[in-house]
Amino acid sequence: MSSSAKCFEWLCLMLPLHMGEQLVFGVDELYKLKRMLGVYYTLFPEPDYGTVVLVTVVGSLVNLLAFAILCGNGRGVPRFAYSASSA
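Residues numbered from 1 in each chain as written. Predicted model: local features only at pLDDT ≥ 70, side-chain atom pairs only at ≥ 80, totals over all residues. Heavy atoms only, no water.

(A) Local environment of the overall build of the chain. Helix and strand counts for the chain come out as five helices and zero strands. Put simply, the chain runs from its N terminus to its C terminus through helices and strands in the order α-α-α-α-α. Here the chain, with 87 residues, has 6% of them falling under the buried criterion. In the chain, the share of contacts with a sequence separation of at least 24, taken over all contacts with a separation of at least 6, comes to 23%. Total accessible area computed for the chain in this model is approximately 7200 Å², and 72% of it derives from carbon and sulfur atoms. (Helix = DSSP H or I, 4+ residues; strand = E, 2+ residues; numbered from the N terminus. Buried < 20%, exposed > 50% of the residue type's maximum accessible area, 1.4 Å probe, protein only. Contact = heavy atoms within 4.5 Å. Areas by Shrake-Rupley, 256 points an atom, 1.4 Å probe, with all protein chains shown as cover.)

(B) Up close: the layout of surface pockets. Estimates place the volume of the largest pocket at around 470 Å³. Lining the largest pocket are 14 residues, with Met-19, Glu-29, Leu-30, Leu-33 and Val-55 sitting closest to its centre. Each residue belonging to the lining of the largest pocket can be placed in one class, and the counts come to nine nonpolar, three polar and two charged. (1 Å grid on protein atoms, 1.4 Å probe; cavity = no way out; pocket = protein on both sides within 12 Å on 5 of 7 lines; lining within 4 Å. Points joined across faces, edges and corners; volume = space filled by probe spheres on them. Nonpolar A, V, L, I, M, F, W, Y, C, P; charged D, E, K, R; others polar.)

(C) Up close: the side chain of Gln-22. Residue position: Gln-22 is located in helix H1 (residues 3–25). We classify Gln-22 as buried; its relative accessible area is 9%. What Gln-22 contacts, discounting residues up to four positions off in sequence, is Val-27 and Glu-29.

(D) Quick look at a nonpolar patch on the surface. A contiguous nonpolar patch, built from Val-53, Val-57, Leu-61, Leu-64 and Phe-67 and spanning about 480 Å² of accessible area, is present on the exposed surface. Within the fold, Leu-61 resides in helix H4 (residues 47–70). (Patch = residues over 30% accessible without salt bridge, like charges linked within 9 Å, V, L, I, M, F, W, Y side chains within 5 Å. Salt bridge = Lys/Arg side-chain N within 4 Å of Asp/Glu carboxyl O.)

(E) Structural view of the environment of Tyr-41. Secondary-structure assignment places Tyr-41 in helix H3 (residues 38–41). Overall, Tyr-41 belongs to the buried group, its relative accessible area being 13%. Along the sequence, Tyr-41 and Leu-54 sit 13 residues apart, while their C-alpha atoms lie 9.9 Å from each other. Excluding anything up to four places from it in sequence, Tyr-41 contacts Lys-34, Pro-47, Gly-50 and Thr-51.

(F) Summary view of the packing of aromatic side chains. Under the criterion given, the structure shown has two aromatic pairs. Summarising the aromatic geometry, the rings of Tyr-40 and Phe-44 are spaced 5.2 Å apart at their centres and angled 65 degrees between planes, so their arrangement reads as edge-to-face. An aromatic cluster of three or more residues is present, and its members are Tyr-40, Tyr-41 and Phe-44. (Phe/Tyr/Trp six-rings, centres within 6.5 Å; stacked < 30°, edge-to-face > 60°.)

Listed below in structure tokens is the structure:
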């Protein structure tokens, strides 16, 4: 199994665990982040618009990074499919 596949498996395991931990012990980090982003939120007429823009930008960057990792062999074939077929 390639290292990128192992990393993806760990990510699939850790994200639900982290969300469960947040639900059990509280979402204090969300309030800390909102305080830190207070200046950013003043750029928008409503804070919800700022949140939507921020989530869109961060989500797009994460998707672009995942796409770059999957198609990193230069041939346009995702790494997981490529490594599975070459094994």
